[in-house]
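# Remarks on the overall topology
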Amino acid sequence: MSLTNASPEAAAAAAKTASFTLAALPASDRNAALDAIHDALAAARDDILAANARDLELARKAAADGSLSAALVSRLDLGKKGKFDDMLRGILDVRDLPDPLGRVQMRTRLDDGYNLERVSCPIGVLLIIFEARPEVIANIAALAVKSGNAAILKGGRESTESFVAISRAISAALERGPVPNDAVQLVTTRDAIAALLAQDRHIDLVIPRGSNDLVRYIKESTKIPVLGHADGLCSIYLTASADAQKAARAVVDAKTSYPAACNSVETLLVQDSALLTVFRDVAAALAAAGVTLRCDPAAKAIASDLVPAERLLDAVPADYDTEFLSLDIAVRTVSNFDEAVTHINAHGSHHTDAIFTSDTAEAERFMDQVDSAGAYWNASTRTADGMRYGFGTEVGISTNKIHARGPVGLEGLTIYKYKVRGDYQATADYGDGEGKRPWKHEKLDI
């Protein structure tokens, strides 16, 4: 990894050149690079956490005067909840995954001695633009190296000290191996985003990680394909047949285990016949966890003797379109399944949504009809995570309907190419006319 002050065009061109070398390295070299990155970060833990503490001090002051959101401050803290250790473990998890490159996905005999294959390969050069979340650098570096992609990273100024400390450790690790340093770059030039987004000649995919405004700006400002999501507005549909105690525990987990995460639940849809039963347990559990409930009249009437008055508010229409990223949840009563699904598809962000029910048919119908990257039955929305899916780590969550959707790990960072092996065949010799050879199109074992 290099800390570069080069122009955006020069950085992108260097990354493109490095990507060709990286794509051709054997899996053993790429895995060895991940071992080196892991060890370098572990050795630099104290320096990295000290740098992160300096960022946090400034960020908290900015949050106090209203110039930075509390959610960003929460995402910035690398020392809490074992986040540093998770970052290190994610690198080794990625190392231990099968090599995603060179996998034959399809093999066809066009004719004797004339074979077609579809084979997985890297995308090329990734541009990752992110706010806070200093662990993103290690996540992206690991996934990029393993998948054979070069990566250019541009972080927000609120995390500068952390980014630089992590980048120095990774750079020192890569200098000792065959992975080109320019294959992973941290751009330190201020105001470089617009210029980087213009490098469609060299950059193949943009992955934004940050606020809604940042993601929308990027999608509107580049010709380069963008993989990501602007909102994490996740919902849970609570039905009357749900197990009350289990549902309460899962809803509390989905809301409180990390409220600033994009997979935190923001809206609770309650079947009207569940108001006097399951919802009471859920509302009491949320109240005990310090959550503020923004309820419609029917739900508020039931929750009024379970939730302290200061944490029980009247919902307004905007609440059902809000990603709170805090200990707040919007509650709406629905009369039936169709109303719940219609609400989710209209107001959600197509990220992750869940149904809590004991009815198998209802659950399967929900998972088929909800238009989201993740559709769950009796599971916390917080499950939407690359590490929890077994991907090692992730570059982000995609709500796009392109080659990658949901948590994007190694597979989502590969594409494919077609390889043909022949014996100087000319296509003019094939067809239906006299003297022409027919195409065989025989499917071969992979």
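Residues numbered from 1 in each chain as written. Predicted model: local features only at pLDDT ≥ 70, side-chain atom pairs only at ≥ 80, totals over all residues. Heavy atoms only, no water.

The name an unreviewed UniProt entry gives the protein chain is glutamate-5-semialdehyde dehydrogenase, with Purpureocillium takamizusanense as the organism.

## What to know about the overall build of the protein chain
Condition: For the purposes of this entry, the term helix denotes a DSSP run of H or I that reaches at least four residues, the term strand denotes a run of E that reaches at least two, and both are numbered from the N terminus. With C-alpha atoms as the basis for the radius of gyration, the globule rule is written as 2.2 Å multiplied by the number of residues raised to the power 0.38. The buried label applies to any residue whose accessible area, calculated with a 1.4 Å probe on protein chains only, is under 20% of its type's maximum; exposed applies above 50%, and partly exposed to all values in between. Here, two residues are considered to be in contact whenever any of their heavy atoms come within 4.5 Å of each other. Surface accessibility follows the Shrake-Rupley procedure with a 1.4 Å probe radius. Residue values consider only the protein chains on display as shielding.
On a plain count of helices and strands, the protein chain comes out with 14 helices and 18 strands. Against the globule reference of 22 Å for 446 residues, the protein chain gives a C-alpha radius of gyration of 25 Å, in line with a compact fold. Taken along the three principal axes of its C-alpha coordinates, the protein chain extends 80 × 60 × 35 Å. In the protein chain, which comprises 446 residues, the share counted as buried stands at 53%. A separation threshold of at least 6 residues defines the contact pool for the protein chain, and within that pool the share at least 24 residues apart is 73%. For the protein chain, the exposed surface amounts to about 19000 Å²; the carbon and sulfur share of it is 50%.

## Here we look at unusual backbone geometry
In this structure, Leu325 is a non-glycine residue whose phi angle is positive, near 55 degrees. The phi torsion at Asn378 lies on the positive side, around 55 degrees, for a residue other than glycine. With respect to the secondary-structure elements, Asn378 resides in the loop between strand 14 (374-377) and strand 15 (396-398).

## Description of the sheet that holds strand 18 (residues 442-443)
Note the following rule: Paired strands are those between which DSSP finds at least two bridges.
Taken in spatial order, the 4 strands line up as 17-3-2-18 in an open sheet, and their pairing is antiparallel. The open sheet has two free edges, formed respectively by strand 17 (414-421) and strand 18, since each of these has just one partner strand. The pairing of strand 3 (residues 114-122) with strand 17 spans 8 bridges and is classified as antiparallel. Bridge pairing in strand 17 links Glu117 to Lys419.

## What about the environment of Ala254?
Relative to the helices and strands, Ala254 is located in helix 10 (residues 244-256). On the basis of relative accessible area, Ala254 is assigned to the buried category, the value being 0%. Discounting chain neighbours no more than four positions away, the residues touching Ala254 are Ile236, Asn263, Ser264, Val265, Ser380, Thr381 and Arg382.

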